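Residue strings, one per chain:
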Amino acid sequence: MMPTDLDRPAELTLWPGYAPARVAVSRSFPTLRAALAAAVAAIDAEDANPWIITEGGDILAPGWIRANTAGAVLQ
């Protein structure tokens, strides 16, 4: 993944953080930056497990999102 990917579209899927997770909510974002910001907000507010698929096909797992957005300013 390249820094320019932050300005390309991405798809965010939120799975509930509590078991059993049977329903996911998906949403498209105009930029990966916006999808990451929404994922971080969902982790904090909803105890969600966010997964992001970038326009380039990269899959960002919840652990990656947590590790790479800690303290980051995304907007």
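Only a predicted model underlies this, so the values are computations on that prediction, with no experimental measurement involved. (Residues numbered from 1 in each chain as written. Predicted model: local features only at pLDDT ≥ 70, side-chain atom pairs only at ≥ 80, totals over all residues. Heavy atoms only, no water.)

K.L.:
Run through the packing of helix α1 (residues 32-46) against helix α2 (residues 62-69), naming residues and quoting values.
P.N.:
Between α1 and α2, the shortest axis-to-axis distance is 10 Å and the interhelical angle comes to 100 degrees. Taken as axis vectors, α1 and α2 run roughly perpendicular relative to one another. When α1 is examined against α2, the residues Leu36, Ala39, Val40 and Ile43 are found in contact with a partner set consisting of Trp64, Ile65, Arg66 and Thr69. Across the contact of α1 with α2, the residue classes break down as 6 nonpolar, 1 polar and 1 charged. (Axes fitted to C-alpha atoms, helices over the stretch in contact; angles between N-to-C directions. Helix = DSSP H or I, 4+ residues; strand = E, 2+ residues; numbered from the N terminus. Parallel < 35°, antiparallel > 145°, perpendicular 65-115°, else oblique. Contact = heavy atoms within 4.5 Å. Nonpolar A, V, L, I, M, F, W, Y, C, P; charged D, E, K, R; others polar.)

K.L.:
Just give me the short version of the confidence of the model for the protein chain, but keep the residues and values in it.
P.N.:
When pLDDT is averaged across the protein chain, the result is 86; 89% of the residues are at 70 or more. Predicted confidence in the protein chain is weakest over α2, with a mean pLDDT of 89, and strongest over strand β4 (residues 59-60), with 96. (pLDDT = per-residue confidence, 0-100.)

K.L.:
Break down the sheet that holds strand β2 (residues 25-29) for me, citing the residues and quoting the values.
P.N.:
One open sheet accounts for 4 strands, arranged β2-β1-β3-β4; its pairing is antiparallel. Strands with a single pairing partner mark the edges of an open sheet, and in this sheet they are β2 and β4. Relative to β4, strand β3 (residues 48-54) is paired through 2 bridges, and the arrangement is antiparallel. Each bridged residue has a counterpart across the sheet, and for Ile53 the counterpart in β4 is Ile59. The sheet strands contacting α1 are β1 (10-16), β2, β3 and β4, and the helix crosses β3 at an angle near 170 degrees. Those strands touched by α2 are β3 and β4, and its axis lies near 90 degrees from that of β3. (Pairing = 2+ DSSP bridges.)

K.L.:
How would you summarise the pattern of salt bridges if you had to cite specific residues and measurements?
P.N.:
Applying the stated criterion across every chain yields a total of 3 salt bridges. Across the pair Arg8 and Asp5 runs a salt bridge whose closest N-O atoms are separated by 3.2 Å. Overall, the relative accessible area of 11% leaves Asp5 in the buried class. The partner of Arg8 in a salt bridge is Glu55, and the shortest N-O contact between them spans 2.8 Å. Here Arg8, found in the segment before β1, pairs with Glu55, found in the loop between β3 and β4; they are 47 residues apart in sequence, far enough to count as distant. Glu55 gets classed as partly exposed once you look at its relative accessible area, which sits at 47%. (Salt bridge = Lys/Arg side-chain N within 4 Å of Asp/Glu carboxyl O. Buried < 20%, exposed > 50% of the residue type's maximum accessible area, 1.4 Å probe, protein only.)

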